[in-house]
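Structural features, examined
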Amino acid sequence: MARNKHPEETINLILDVASRLFMEKGYEHTSIQDIIDNLGGLSKGAIYHHFKSKEDILVAVTDQMTEESNRMLAVIRDRPDLSGRDKLKSIFKESILRPVQDEIFTAAPNLGDNPKLLFSIFSETIREAAPDYILPIIRQGIADGTIITDYPEQLAELIILVANIWTNPMIFDNTPEESYAKFMIFRQMMQGFGLDIVDDEMLERLQELSAIYQKNK
C-alpha cells in the first residue's frame, strides 16, 4: 500500500493498529515491527515521520483514549449546581470509573521502566491537571465554604500527585492489595482536610484496575 497522502489518516491508522496490538499483546510485548506488519504496507519511514518512538505512539494512543473523558471532566468542573467539594468527589469518581480506564490499564507499560513517559505524565499532572481541573474546584470550594485551605495551589498539586502518581499501579507496580492500602491512606488524608471524597466504590474500582494491569503486564 502506498503511503497515505493525508497525514491525519496515516496517524489515525498507526494509532488504531498500535492501540489494538497494545490491547492484545500488551505494550511491552509489542514492537515497532509488529505495528509495521499490521499496517497493510505502510513503511517504517511513515511511522517515524509522525512518531519518534513507541513511547510517543503510546502517549498519542492514551491521549486519544482520554480526550473524551477530559471533556467530561471539564463539564463537571463547570457545573453550576455542585459545591466545590462535590465537584472534587465527582471528578475523581468519573476519572476512575470511566470504562476507558480498562483499555488504558490493559495497554499500559510499567511506567517505572519508561522514564521519558513517566516524566511526561508527571509534567502533565503538574502543568495541566492540577491548574486546569483541580485548582478551579478548590477555589470554588473556598468561596462556597466546602473546602478550607490557605494554600489552594499546593493542595491542588498534592491531591492530583497522590491520586495520579502515588496510587498509580502502573508506576509502582502495586498489587490490588497494595493499591487498596494506598487508596485508604489517600482517603484518610482527604478526610483530614474535611473532604470525604473517596467512597467504597472507588476503592473497589482501583483494585479492579490494578488487577487488570497485573494480568496484562
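Below: a short report on this structure. (Residues numbered from 1 in each chain as written. Predicted model: local features only at pLDDT ≥ 70, side-chain atom pairs only at ≥ 80, totals over all residues. Heavy atoms only, no water.)

To continue, consider the overall build of the protein chain. The helix and strand inventory of the protein chain stands at 11 helices and zero strands. Beginning at the N terminus, the succession of helices and strands in the protein chain can be written as α-α-α-α-α-α-α-α-α-α-α. Against the compact-globule benchmark of 17 Å for 217 residues, the protein chain has a radius of gyration of 19 Å, which places it among compact chains. With respect to the principal axes defined by its C-alpha atoms, the protein chain has extents near 60 × 35 × 25 Å. Among the 217 residues that make up the protein chain, the fraction classed as buried is 47%. Across the protein chain, every contact between residues at least 6 apart in sequence was considered, and the portion connecting residues at least 24 apart equals 69%. Put simply, the protein chain has 23 plus and 35 minus side-chain charges, and the middle of one group is 3 Å from the middle of the other. (Helix = DSSP H or I, 4+ residues; strand = E, 2+ residues; numbered from the N terminus. Rg over C-alpha atoms; globule rule 2.2 N^0.38 Å. Buried < 20%, exposed > 50% of the residue type's maximum accessible area, 1.4 Å probe, protein only. Contact = heavy atoms within 4.5 Å. Lys, Arg positive; Asp, Glu negative; His and termini not counted. Charge placed at Lys NZ, Arg CZ, Asp CG, Glu CD.)

What follows is about the packing of aromatic side chains. With the rule as written, the count across this model stands at three aromatic pairs. These aromatic residues form a ring-pair network of at least three members: Phe92, Phe183 and Phe186. Here the basic side chain of Lys54 rests over the ring of Tyr27, its NZ or CZ set 4.2 Å away from the ring centre. Lys182 extends its terminal NZ or CZ atom over the ring of Phe172, reaching a point 3.9 Å from the ring centre. (Phe/Tyr/Trp six-rings, centres within 6.5 Å; stacked < 30°, edge-to-face > 60°. Lys NZ or Arg CZ within 6 Å of the ring centre and 35° of its normal.)

Looking now at empty space enclosed by the protein. It is the rolling of a water-molecule-sized probe over the atoms that shows where space remains empty. All chains considered together, the criterion is met by one cavity of 30 Å³ or more. If you add up the space inside the largest cavity, you get close to 30 Å³. Residue lining of the largest cavity: Lys25, Gly26, Tyr27, Glu28, His29, Ala108, Pro109, Asn216 and Lys217, and that is the complete set. Class assignment for the residues of the lining of the largest cavity results in three nonpolar, three polar and three charged. (1 Å grid on protein atoms, 1.4 Å probe; cavity = no way out; pocket = protein on both sides within 12 Å on 5 of 7 lines; lining within 4 Å. Points joined across faces, edges and corners; volume = space filled by probe spheres on them. Nonpolar A, V, L, I, M, F, W, Y, C, P; charged D, E, K, R; others polar.)

A surface patch of negative charge is lined by Asp63, Glu124, Glu128 and Asp132. No other element matches helix H7 (residues 115-144), which puts three residues into the negative patch. (Patch = residues over 30% accessible without salt bridge, like charges linked within 9 Å, V, L, I, M, F, W, Y side chains within 5 Å. Areas by Shrake-Rupley, 256 points an atom, 1.4 Å probe, with all protein chains shown as cover. Salt bridge = Lys/Arg side-chain N within 4 Å of Asp/Glu carboxyl O.)

Here helix H11 (residues 200-216) contains 17 residues, and its C-alpha end-to-end distance of 25 Å stays within 8% of the 24 Å for a straight helix at 1.5 Å per residue. Of the surrounding secondary structure, the elements contacted by the buried residues of H11 are helix H5 (84-97), helix H6 (100-107), helix H9 (169-172) and helix H10 (176-192). Between the side-chain oxygen at the start of H11 and the backbone nitrogen of Glu201 there is a gap of 3.2 Å, and the oxygen is on Asp199. (Expected span 1.5 Å × (residues − 1). Polar contact = N/O pair within 3.5 Å; in protein donor to acceptor, adjacent residues only side chain to side chain.)

In this structure, the largest pocket spans a volume of roughly 1,000 Å³. Every residue lining the largest pocket is counted, 41 residues in all, and those nearest its centre are Thr66, Arg98, Gln101, Ile121 and Asn164. Counting only elements with at least two residues in the lining of the largest pocket, the list comes to helix H4 (54-77), H5, H6, H7, helix H8 (152-166), H9 and H11. Split into classes, the residues belonging to the lining of the largest pocket amount to 27 nonpolar, 10 polar and four charged.

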